[in-house]
Each structure stands twice: as structure tokens, then as C-alpha cells.
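One letter stands for each residue in the lines below.
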Amino acid sequence: MNCADIEVVEYRSGQEAEIERLIYQSKKPILFKISDFPDTFDLDFYIDSHNGKTSYTRYDSGKNIIESSTARLQDVLSWIKEDQPVRIFGQMYPDHINDKLVDKIPLWKKIPFRPRYFKSSLGKALYFFGGKGSVTKMHFDRERNSNLHVCLHGKKRVLLFDVSQSRNIYKTPLKSDSEVDFKLPFDKSMKRYPDLAKATCYDVVLSPGDMIYMPKKCWHYIEYIEHNVSATFAFYPKRIDQLLGTLSGVFYLGFSFQGMGLDKTPTYKKFSKRYIHSRGLKRLGYKVIESLAFVAIYPVCLYTTINKFVILKKRPY
Ligand SMILES: [Fe+2]
């Protein structure tokens, strides 16, 4: 695996138009260094801000998920502050708390807010909290949104691949996941997935005030090397991206384990195994089957998503 240098750009208040132009043009990730970023958004800030229930995931020493449950938000944040291997994914906060952060990143006000699923209640910022030893597996966002992901407190490692690397990192069919387990030693993965050697990554450690731009379908794997607070502004540069991203998200929700669980069936597993290792003409054939399957299954996925996530209001993540 080769590592490329990520483009690094300093972002000062007042440069929003320039930065917006830059990210709309770039198909590659960019690291923005926000000047004079305050150190106020730490775990204590969020422990004192708001309470309620949250969903969390706990990991074992091998960074495997051992528990997914709910608890009081303040309790889970306290565990993370103690560096327990626990992670909160996509926490939402009320506007008056969000605004304190958004005020420090005027770029987030400048970019048109086109929320995922056209749902403005998803808020301008989603928060990510993690203790040392927690991870987020390699994926790209199923809603195909672009992201501005800012580190607010602590450090974390982000491993990125642009979309051109999908085959080299063994993208699974009909999903936005990689078959490779990036928390395992690279040598071990190489034996099973030899094309990893051809892949080009960006390997970045984020510190407070670092904001990474991920264009749509940018692969990301995250490792919490110490307790960390981060926030994401998810957006679509164009309305057509928002529409296509919603269609893609609806399919995934219905298809995946949260919906019908078709990705857990023996037929899918068998097809996926052949798909990820196929190359050349064979690969083309599998891609055609994948496209036909997408169209054929879509109505059922749409029905399942409406039923589970709209009518029953189950949280999709
Ligand atoms: Fe993501």
C-alpha cells in the first residue's frame, strides 16, 4: 500500500468563498487547518451541555464490537473521558448547542445546507465521541454526501482512499463497505487481499482545529488513539447529488442488516466473495449482475425502509 501526501490548506475566517470553491472542485480529500480554533469543545463541554439517552458501541482489546446498547449520554461521555473503548456515532444536539460550534466555522453557514434524506431535523452537525481503542470500519457514506469532519478535542487517525481505489480495497457489491479489516496488521491482510499492495491511501492524524474534507464516496477508516470529540457537516454540492444520495441511502437501509438483512444471506455472501476477487471481463459481468440486482430489489428495499424507518421511526444508525 502506498501513502500519498494529502493537500493541506490553512483556513482563516473570511476565506469562506475561496475554500468553498476549492472543495467544490476537488475530487480528492483536503486537510484544512483552522486558524485560532478554540479548545473549548472538549468532553466536559458536552457533558455539561445536554443530557438524554444515547446509543453506544463498546469494543474489546482486539477492537471488535462486543456491545451495542443505550445509556444516559452523560454517563457514556464520562466513560469515554476515562478512555474506555466506547464510541458514540452521529449524536445530534439541539440548535442552541450546535450554534456555538457552527459560529466558529463560518464555512458551514456559507455552504448551502442540503441535508441527507431531505431531513433538516438531522441538524447541521453530527457529533462523534470515542475512547482509545474504538474504531469505525472502512466504508464510504451510503448517502454519498460530502463531509467536512472537524476534530474538536484529542487526536485520532483517519485512513482515506478515494473512490478510484474501490477495487483495490475489495468493495463489496450493493454496499459501501470494504471486505478488508483495516484494524488487522497489514501483512496479514495482504495474504488474503493481494491487490491491497496497489492501493494508494492518505494516512492522517487529526488534532483539534483540523478539518478534513471528504468528497462523495471517499473511503474512511477511523481509529481513536486517545479520547476524541469530532463533528461532521454533511452536505451535497448539487441538488442532483442530494436526490441520488437519498435514493442510494434508502436502498442500503432496506437491504442491510437494519432492514431485510439480505447482506447476511448465503446467496449474497457467495456472490460477494466471487465479486470482490474478480478482475477483467469476469468483473464486468459481476458488475452487470450487481446493477440488475439493484434495480430488481429496489422496490422491496424502498418498502422496508418506509415501513421500518419512517413508520416505526427506527433510528437508521
Ligand atoms: Fe462515514
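Preceding block: the structure.
Owing to the predicted nature of the structure, the values given are computational and were not obtained by experimental measurement. Each chain carries its own residue numbering, running from 1 in the direction its sequence is written. Totals for whole chains, interfaces and linings use every residue, but because this is a predicted model, local features are given only for residues with pLDDT of at least 70 and side-chain atom pairs only at 80 or more, for both listing and counting. Only hydrogens and water are removed before side-chain values are computed, so all heavy atoms of the structure are retained for them.

Draft legend 1. Molecular detail of the side chain of Lys-156. Locating Lys-156 in the fold gives a position in strand S10 (residues 156-161). Only protein chains enter the accessibility calculation, which uses a 1.4 Å probe. A residue is then buried if its area is under 20% of the maximum for its type, exposed if over 50%, and partly exposed in between. For the purpose of counting charges, residues Lys and Arg are taken to be positive, whereas Asp and Glu are taken to be negative. His and the chain ends are not included. Every case where a carboxyl oxygen of Asp or Glu lies within 4 Å of a side-chain nitrogen of Lys or Arg is listed as a salt bridge. Asp-210 provides the closest opposite charge to the buried, unpaired Lys-156, separated from it by 11 Å. By the criterion applied in these results, polar contacts are pairs of N or O atoms within 3.5 Å in which, for protein atoms, one can donate a hydrogen and the other can accept it, and in which residues neighboring in sequence qualify only through two side-chain atoms. At a separation of 2.9 Å, a polar atom in the side chain of Lys-156 contacts the side chain of His-149. Contact between two residues is taken to exist if any of their heavy atoms lie within 4.5 Å; hydrogens are not considered. Those residues within four positions of Lys-156 in sequence are excluded, and the remaining contacts are His-149, Val-204, Val-205, Leu-206, Ile-222, Glu-223, Tyr-224, Ile-225, Asn-228 and Ser-230. Starting at the N terminus, helices and strands are each numbered in turn, a helix being any DSSP run of H or I of at least four residues and a strand any DSSP run of E of at least two.

Draft legend 2. Structural context of the pairing of strand S11 (residues 200-206). Think of it this way: DSSP has to see at least two bridges between two strands before they count as a pair. Pairing of strand S1 (residues 2-3) with S11 involves two bridges; the strand directions are parallel. Along S11, the bridge assignment pairs Cys-3 with Cys-201. Two elements, S10 and S11, share five bridges in a ladder whose sense is antiparallel. Following the sheet pairing, Lys-156 is matched in S11 by Leu-206.

Draft legend 3. Spotlight on the packing of helix H7 (residues 239-255) against helix H9 (residues 280-311). Between N-to-C directions, angles span 0 to 180 degrees; the directions come from axes that are lines fitted to C-alpha atoms, helices contributing only their stretch in contact. Viewed as axis vectors pointing N to C, H7 and H9 meet at an angle of 80°, and their least axial separation amounts to 7 Å. Considering the angle they form, H7 stands roughly perpendicular to H9. Along the contact surface, H7 presents Leu-247, Val-250, Phe-251, Leu-253, Gly-254 and Phe-255, while H9 presents Phe-294, Ile-297, Tyr-298, Cys-301, Leu-302, Thr-304, Thr-305 and Phe-309. Residue classes follow a fixed rule: Ala, Val, Leu, Ile, Met, Phe, Trp, Tyr, Cys and Pro count as nonpolar, while Asp, Glu, Lys and Arg count as charged, and any other residue, Gly among them, counts as polar. Looking at the contact of H7 with H9 residue by residue, the classes come out as 11 nonpolar, three polar and no charged. For classification purposes, an angle smaller than 35 degrees is called roughly parallel, one larger than 145 roughly antiparallel, one from 65 to 115 roughly perpendicular, and anything else oblique.

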